[in-house]
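Architecture at a glance
So you can see what is in the structure, the chains are spelled out below.
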Amino acid sequence: MNEYRVSGVLIPEDRLAERVREIGREIGRDYAGRELVVVGILKGAVVFLSDLLRAIPETVDISLDFMAVSSYGASTKTRGIVKIVKDLDGSVEDKDVLIVEDIVDTGLTLSYLVKLMQERRPRSIRICALLDKEERRKVRVDVDYKGFSIPDEFVVGYGLDYNGKWRHLPSVHIVEQE
Ligand code: 5GP
């Protein structure tokens, strides 16, 4: 059978909530009194981002923008192709930018996005990623704010999907092939 199913919980929702609050406080300390453009990467980062935004104290002057990049589609294997499906609405020139991503795997997506963003001359760029599969890395990516390091498993839930499904699950689960 080539069916996929969601297995047990890898990261339960209370641990996600606790860690997201910690990261929000950390971002609050680092950017207090400053303007920050938060760039959410659609669609996977949306659930994480919406919790993270509300965990960042009001001392940070936040504006929000989004980018959409091509994803894995119906396969769990990376194609190494990054395509911008939706670009930013605003300019990031001379601004502090925080890219918020759901998961870093090979690192290809984020290293491409950082290069692209650098060409737009922001004042600074930092990366925030909820999950990191360090052992899968092909290119170096400096993750400034990281939620959790996870093993080399395909995960869904808390915004992450398999073939468009399971984004709405409140916890992070491993997907298994039956
Ligand atoms: P990278 O370019 O670092 O290899 O891959 C990053 C993107 O691949 C993520 O933004 C995400 O869309 C997808 N991805 C990588 N690993 C997983 C995973 O375990 N589960 C899900 N749902 N997506 C993943």
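Now for a description of the structure that goes with this document. Note that this is a predicted model, so its numbers are computed, not measured.

1. Thoughts on the sheet that holds strand β7 (residues 145-149)
If you walk across this open sheet you meet the six strands as β4-β3-β2-β5-β6-β7, and the pairing is mixed. The sheet is open, and its two edges are formed by β4 (84-86) and β7, each paired on a single side. Across the sheet, the mean angle separating the axes of adjacent strands is 30° when strand polarity is ignored. Across eight bridges, the pairing between strand β2 (residues 35-42) and strand β3 (residues 61-69) is parallel. By the bridge assignment for β3, Gly40 is matched with Phe66. Against the sheet, helix α1 (residues 13-30) engages β2, β5 (96-104), β6 (124-132) and β7, with an angle of about 160° to β7. In the packing of helix α3 (residues 108-118) onto the sheet, the strands contacted are β2, β3, β4, β5 and β6, and the crossing angle to β5 comes to about 165°.

2. Looking at α1
Given 3.6 residues per helical turn, the α-helix brings residues three or four places apart onto the same face. With 18 residues, α1 extends 26 Å between its outermost C-alpha atoms, agreeing within 8% with the 26 Å of an ideal straight helix rising 1.5 Å per residue. Listed in full, the buried residues belonging to α1 are Leu16, Val20, Ile23, Gly24, Ile27 and Gly28. Around the axis of α1, the buried residues are gathered within 140° of arc, so they sit on the same side. Of the exposed residues in α1, those oriented more than 90 degrees away from the buried face are Asp14 and Arg29.

3. Brief notes about the pairing of strand β9 (residues 172-177)
Looking at chain direction, strand β1 (residues 4-11) and β9 are connected through five bridges and run antiparallel. Its bridge partner lying in β9, Ile11 is registered against Val172. Relative to β9, strand β8 (residues 155-156) is paired through two bridges, and the arrangement is antiparallel. Its bridge partner lying in β9, Val156 is registered against His173.

Thresholds applied
Residues numbered from 1 in each chain as written. Predicted model: local features only at pLDDT ≥ 70, side-chain atom pairs only at ≥ 80, totals over all residues. Heavy atoms only, no water. Pairing = 2+ DSSP bridges. Helix = DSSP H or I, 4+ residues; strand = E, 2+ residues; numbered from the N terminus. Axes fitted to C-alpha atoms, helices over the stretch in contact; angles between N-to-C directions. Contact = heavy atoms within 4.5 Å. Expected span 1.5 Å × (residues − 1). Buried < 20%, exposed > 50% of the residue type's maximum accessible area, 1.4 Å probe, protein only. Arc of directions from axis to C-beta.

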